Amino acid sequence: MLDKTYRPAEVEKKHYTVWEDSGVFACGGRPDADTYTIVIPPPNVTGSLHMGHALNNTLQDILIRYHRMRGLDVLWQPGMDHAGIATQMVVERQLERENLTRHDLGREKFIERVWKWKAESGGAITGQLRRLGASCDWSRERFTMDDGLSAAVGKVFVDLYKQGLIYRDKRLVNWDPLLHTAISDLEVEQREVTGRMWYFRYPVEGREGRYVTVGTTRPETMLGDTGVAVHPDDGRYRDLVGQNCVLPIVNRVIPIIADEYADPEKGSGAVKITPAHDFNDFEVGRRHNLEIINVLDRDARLNGNVPDHYRGVDRFEARDAVVKEMESLGLLEKVEENPMTVPYGDRSGVVIEPWLTDQWFVDAATLAKPAIESVEQGRTRFVPANWEKTYFDWMRNIQPWCISRQIWWGHQVPAWYGPDGEIFVELTEGEALAAAEKHYGRKTELKRDEDVLDTWFSSALWPFSTLGWPEDTPEVGRYYPTDVLVTGFDIIFFWVARMMMMGLRFMKTEPFHTVYIHALVRDEKGQKMSKSKGNVMDPLELIDKFGADALRFTLTAFAAQGRDVKMSKQRVEGYRNFCTKLWNAARFCQMNECVPSAGFDPAACTLTLNRWIIGKTAEAAAAVSRAIDAYKFNDAAGALYSFTWGTFCDWHLEFAKPVFQGDDAGAKAETRAATAWVLDQILHLLHPIMPFITEELWQEMAAERDGPLIAAPWPVLNASLVDPSAEREMDWVVRLISAVRAVRSELNVPPGGKIPMLLKDAGEESKARLRTHRDLILTLARLSGAEELAGDEPKGAVREVLDEATLVLPLADVIDVAGERTRLEKEIAKVEADISRMDKKLSNENFTAKAPPEVVETERERLAEATQVKTRLQDSVDRLAAI
């Protein structure tokens, strides 16, 4: 017999250990079956499980478990990313506590220290994913720095270089002046601040008294200005185009150019152009062949390209000094407050500088063309489809991809330099030396490039490098291309697009046919979770308190396509109660001897009750399969919740009680067998979402099973199991009881008070149903009687339409009609006040324009809910008016 209470902590550890040890997660066990492959978005080796991980991996695990049960040869490829900057910072902080730096150790010893840290402390997240229930093939776990993946990275770099698609160039990058490395856009955190806009007057050369006013939020960069741009159609400056300004402080002559980048409606309409310190200015400078003058060093101090008194000065100190000097020259026109975003390094916490430096780049525009065509032609699709627009916007405007980083932890660039700067790119140092000897005609000493590659470079190869490429392994042939990628919208460009580019380039086909983009997990108010707001929820804490299945079901239930998941402890607690409901239903079945029978044929049932529940089970199974196939995870959860809690627990088990307690041995045997069969199907259908409790119940509900539930076949139930006649009959009973319960609840009928019910204008079929199921109806609707109405309606009755008939419920002697009307009118007044307040808020353009979209959406949802409540309350008042 099952314990009275479900204890998830014990059950989860027990079953996960058995699953993993048994090899049921492993691919390759069904060599004749079709394959189904997902590669996990590799979490950082430094990472810990957060709510985004929990959602992402729950959805992947649902797909994996579902297709495993459908009999496919499933591979869920796990692994971790080496997380270059993040990991290096962790180890460098360790060294700081020992009063050491990485430079004290040297590169080789520092790398050894990082590997030691990984072995001892890295990868905690893989254990946390196990706690979530992730059924990855852990025997195949990969790491982006392991030997096999490193070989793939080297080959791709060398091949692309020799194909002219990787090159070295001097361009602007996001430069972190604390970490001394270029970083990706994803590693830049845009912070909203109220800054200042300074307006400087630049004298026009040869036009005494004539000035061009330009605005800047970074006065220190003016020392690197090499032009002033105005719009070609701006009549204010038409006579100045082709003339020059004299750059104050520096006294450099710079041209006034016409370029559509300048916005006549913004500020003065004239824009200072600093090609070395602004991404837009860099492009303007290239279009007009402007000089590119870098005025900052790697520490963001002013360098030798500025007047002597600014050299070596910190950028922010220089900002103040420039403003002061411009003011003293009479060239500071005005200063305004300016709401703006400032880029910060997400690891270092310092302001990022666009900085001109020599880096390695990929010709992303060339690689993007076939990747764009793949989505245009439907070979890879996005779900939801609206994300294709985001993909196209990024890909059609793609810039060269900076792939080099000035750190030590990562894949070192396979490039060596000769004494004259000649570059030799080869897989090994030996090959580079041989190439140099051929080039110079003699053996020549080379120096290796010290940079490492962007982490996203190795991640771009993940779908095929994890399978053993560049070796021609059986896994590459069998499991590539993969099937679906499940990921967040924020890395469509950084990861999805780059996997598409690399997969098409090196494997000649797309890495996946579907990209499912899930939304963000927000708090219950729709706000983004952040430490500063104090609204971060730890999935591991929720698992400890409510169990992994409750968390997984919550995430799934709210994972509607295109809508963020609004998370709260109350919601997880609610689905913990669902687990409890399922557990208690299984105990009830045990107590009533509902034991699975191997020879049970659901099509052979004769009782209406059993034909009804079997048909409902077939409908639920079809609905869940359709939903998962369409990536409508919330619909799958909704169908399961409604069927399990509602149809099975609340209705079927209640309907079955009289049978279990009766004397008809045949009816009892059939109902026990049918109920056990239905519970088994529920366990199958729930398993992909709630693997732990379903596995436990599967094993406890029968003395013997052919194997674990995780490996059991998915229910494919014939539509012929649906008996329309039985469904109409039992659904009528459910609707009748529900209608009576609704009236009782709305009009505050005391729970223990039994009321009479009369059935008016009923057809013969409805009369027959009432006679057949009268005892059930009396018990479940708490009625004192249920009869056909022979004469006139009694006074003081409430009416409820049910198909062709009307339910007549005399309530005048049961409730305080006047008191109820007063109560309901007070509730309506309160709800109307709430509606008025929300209407006013949503009509306020300041609120809708400035509040985050998710907050506005939450307010609209609350308004809709309040409107529905008002309608229900008004319906109740109308009922009372008829008494």
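Residues numbered from 1 in each chain as written. Predicted model: local features only at pLDDT ≥ 70, side-chain atom pairs only at ≥ 80, totals over all residues. Heavy atoms only, no water.

Comments concerning the overall build of the protein chain
Along the protein chain, the regular secondary structure elements total 28 helices and 29 strands. Projected onto the principal axes, the alpha-carbon positions of the protein chain cover approximately 110 × 65 × 55 Å. When each of the 883 residues of the protein chain is scored for burial, the buried share is 54%. Considering only contacts within the protein chain whose residues lie at least 6 apart along the sequence, 77% involve residues at least 24 apart. Total accessible area on the protein chain is roughly 39000 Å²; 47% of this is exposed by carbon and sulfur atoms. In the protein chain, 109 side chains carry a positive charge and 135 a negative one; their mean positions are 2 Å apart. (Helix = DSSP H or I, 4+ residues; strand = E, 2+ residues; numbered from the N terminus. Buried < 20%, exposed > 50% of the residue type's maximum accessible area, 1.4 Å probe, protein only. Contact = heavy atoms within 4.5 Å. Areas by Shrake-Rupley, 256 points an atom, 1.4 Å probe, with all protein chains shown as cover. Lys, Arg positive; Asp, Glu negative; His and termini not counted. Charge placed at Lys NZ, Arg CZ, Asp CG, Glu CD.)

Examining the pattern of salt bridges
Applying the stated rule across the entire model yields 58 salt bridges. Note that arginine 7 is salt-bridged to aspartate 3, the shortest N-O span being 2.7 Å. With relative accessibility at 38%, the residue arginine 7 sits in the partly exposed group. Linking glutamate 376 and arginine 396 is a salt bridge whose minimum nitrogen-to-oxygen distance equals 2.7 Å. Of this pair, glutamate 376 sits in helix H10 (residues 364-376) while arginine 396 sits in helix H11 (residues 387-396), and the two are 20 residues apart along the sequence. Note on glutamate 376: relative accessible area 46%, which makes it partly exposed. Beyond isolated ion pairs, a larger network of salt bridges with shared partners links Asp3, Arg7 and Glu10. (Salt bridge = Lys/Arg side-chain N within 4 Å of Asp/Glu carboxyl O.)

Considerations on the sheet that holds strand E23 (residues 514-518)
With parallel pairing, the three strands of this open sheet are ordered in space as E15-E23-E22. Each end of this open sheet is capped by a strand with a single partner; those strands are strand E15 (381-383) and strand E22 (484-488). Strand-to-strand twist in this sheet, taken as the mean axis angle between neighbours without regard to direction, amounts to 25°. In the sheet, E15 pairs with E23 via three bridges, with the strands oriented parallel. Across the sheet, valine 383 pairs through a bridge with tyrosine 516, a residue of E23. Where helix H2 (residues 51-69) meets the sheet, its contacts fall on E22 and E23, and the angle it forms with E22 comes to roughly 165°. Contacting E15, E22 and E23, helix H16 (residues 492-507) crosses the sheet at an angle of about 165° to E22. (Pairing = 2+ DSSP bridges. Axes fitted to C-alpha atoms, helices over the stretch in contact; angles between N-to-C directions.)

A short note on the environment of proline 794
By the element assignment, proline 794 lies in the loop between strand E27 (783-788) and strand E28 (797-802). Sequence spacing of proline 794 and proline 810 is 16 residues, and the spatial spacing of their C-alpha atoms is 6.8 Å.

Remarks on helix H8 (residues 279-287)
Among the residues of H8, Asp281, Phe282, Val284 and Gly285 are the ones counted as buried. Down the axis of H8, the smallest arc covering the buried residues is 165°, so these residues share one side. Buried residues in H8 make contact with strand E5 (166-176), strand E11 (252-258), strand E12 (270-273) and strand E14 (353-362). Downstream of H8 by a residue or two, asparagine 289 has a phi angle that is positive, lying close to 55°. (Arc of directions from axis to C-beta.)

What to know about the sheet that holds strand E19 (residues 423-425)
Strand pairing in a sheet relies on backbone hydrogen bonds. The paired strands run either parallel or antiparallel. Reading across from one edge, E19-E18-E20 is the order of the three strands in this open sheet, with antiparallel pairing throughout. Each edge of the open sheet carries a strand with a single partner, namely E19 and strand E20 (447-448). Where strand E18 (residues 415-417) meets E19, three bridges bridge the pair, whose relative direction is antiparallel. If you follow tyrosine 417 over to E19, its bridge partner there is isoleucine 423. Across the face of the sheet, helix H12 (residues 429-440) comes into contact with E18 and E19 while running at roughly 135° to E19.

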